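Analysis of the macromolecular model
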Amino acid sequence: MKKILLCCSAGMSSSILVQNMRQVAEELDIECAIASVGAFQIEQYAAKADIILIAPQCTHEFERIISIAKPLSIPVLLIGHKEYGKMNGKSVLFRALKKIELEQEEMKMDRISGFIEQKIMPYALKFGSNRTLTIIRNAMCSAMALLIIGSITILLPELPFEPLQKFFEPAAPFLYAVNACTTGILALFVAGATGYFGAEAYQANKWTNTVTSIGAFCLTQYNPEVGIDVAGFGTSGLLTSIVVGLVTVRILSLFELKGWGIKMPDGVPPAVSDSFSSLIPASVVFIIFGVIAVVLGFNLNTFMSTLMSPVSNLLKTPWGYALYHSLMGLVFFCGINSAVVCDVAYPFLLANGIANEKAIRAGGAAIYGATYGTDVLIWAGGTGATIGLMILMSFVAKSKYFKTLGRMSIGPGIFNINEPIIFGTPICFNPIFLFPFVVLPGILAGSTILLMETGIIAMPTVSMVPWTTPPILIGFLMTSGALSTTIWSVLVIVISVIVYYPFFRVADKQQYEKELSESQEVLSEEIIE
């Protein structure tokens, strides 16, 4: 039962309004207790109320009553001049009940947000600011342009349109050569990039770390029978290249920090001095990886693949891939960019995509559904598949705020940039959107893999597409033009709209009522003035 307390000068004139409100409540079978008191009695009765209504003649008491009600978490509402003059019990009652409902919902949201901030946020922040993960993320992103070029060279000869295939047929050897020199030596790029960005993170010499990481990685690919085995320069050596780069950076930065190394006189050029100062730590790096790979004959590529196989195998399953996408949504729900999760999975998903490309070039079929291209298909407007929410805000919203936000966000959202909608709605820490934002991507991800594995839609044939590829177009590009996956990318948008709709309606209703309430309060104040 809701308890409504009216406050006027002496509690006399408001008794008429109370009577009208009680009559309306009785007619509509609304359970509530309504009473009126004088402003001087407010301290005595405030704690027993769910809301305090202030008559226009007590506007001068507004700040004092607010100071009493705020510590008790009780909302205060100023009755409009016209409402009070007409003793409009129905209007005042409905406004009071809506205000109570909104206040309780905000308190509920505050409790959930508080739990997230206290229990989940510290771990998410720690994970998101991890220096090692930052180095890996930057290293992988630095190679993205080359990977896109490599993927385009696979896409063009494989387009499912015979005239185009014939057109690109003479250029196929050239295109495949470009692919071999981009995607085919990915691990070599990443080894150098890990050394570079690692040196940046540890404030060490970038060039020294870069070349040492590349050299040490090449050493791990040495085979006594064939020399350096360039087959390991592709995705099979990707995990090894990351480890080699990280270890190299740690050793070189430690020597630099401690001042261990050959000291050259002040007059020696910096380039020469740096080369000599890194001579000892670089030698240590080469000795470590030389002993492991050459002396002991230990295959680091195989070891790393075996060590990380649980993660790799998990991502290949529908439920594991679904969990990965839901985890991205949960991290962003806590206000941290989902890249911290995506970066962990990125090497494995990229390896799956490149394996698909190799299988197709060999005359076979794609093997894996979980690739980076599939990620982009699931994102559909950005992490959380928010394209549906943007569409609803733009074309269905009643509230001015959501309509404006939707139309402002849908442009970037087409290219999977959805920070405006995430922080503007807000989605972060907002319990209303917890389910669609976290669970929907998981459902879409798991369903996509199942549809691919059962042959209902086509597997991805291109390892790398830009993450800004728009919805619908992604289904076409990632499968070299397969109609089935293109149709599924359309359905992803439709599903996003359907799933977000009930949650959007709740949020839009609250925002719309808030805007009405604020406009009425402003109007009341203007009339009083």
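What comes next is a walk through the structure. Because the structure is a prediction, the values reported are computed rather than measured.

A word on the packing of aromatic side chains
- Using the criterion set out here, one finds 11 aromatic pairs in the structure.
- Considering the side-chain rings of Tyr372 and Trp379, the 5.9 Å spacing of their centres and the 85 degrees angle between planes classify their relative orientation as edge-to-face.
- Of the aromatic side chains, those joined through ring pairs into one cluster are Tyr346, Tyr372 and Trp379.

As for the pairing of strand S3 (residues 51-54)
- Covered by surrounding structure in S3 are Ile51 and Leu53 together with Ile52 and Ile54, the residues of both alternating faces.
- Across 4 bridges, strand S1 (residues 2-8) lies against S3 in parallel orientation. Opposite Cys7, over in S3, you have Ile54 as the bridge partner.
- Examined bridge by bridge, S3 and strand S4 (residues 76-78) share 3 bridges and lie parallel to one another. Along S4, the bridge assignment pairs Leu53 with Leu77.
- The parallel pair S3 and S4, bridged by helix H3 (residues 62-69), forms a crossover whose chirality is right-handed.

Topic: the pattern of salt bridges
- Inspection of every chain in the model, using the stated rule, returns 4 salt bridges.
- Put simply, Glu200 and Lys206 hold a salt bridge, and the shortest N to O gap is 3.5 Å.
- Here Glu200 falls in the partly exposed class, since its relative accessible area comes to 38%.
- Overall, the relative accessible area of 32% leaves Lys206 in the partly exposed class.
- Between Asp508 and Arg505 there is a salt bridge; the shortest N-O distance is 3.8 Å. Taken together, the positions of Asp508 and Arg505, both in helix H25 (residues 483-528) and 3 residues apart, correspond to about one turn of that helix.
- Residue class for Asp508 comes out buried when judged on its relative accessible area of 1%.

Rules of the game
Residues numbered from 1 in each chain as written. Predicted model: local features only at pLDDT ≥ 70, side-chain atom pairs only at ≥ 80, totals over all residues. Heavy atoms only, no water. Phe/Tyr/Trp six-rings, centres within 6.5 Å; stacked < 30°, edge-to-face > 60°. Buried < 20%, exposed > 50% of the residue type's maximum accessible area, 1.4 Å probe, protein only. Helix = DSSP H or I, 4+ residues; strand = E, 2+ residues; numbered from the N terminus. Pairing = 2+ DSSP bridges. Right-handed = clockwise from strand over helix to strand, strands pointing away. Salt bridge = Lys/Arg side-chain N within 4 Å of Asp/Glu carboxyl O.

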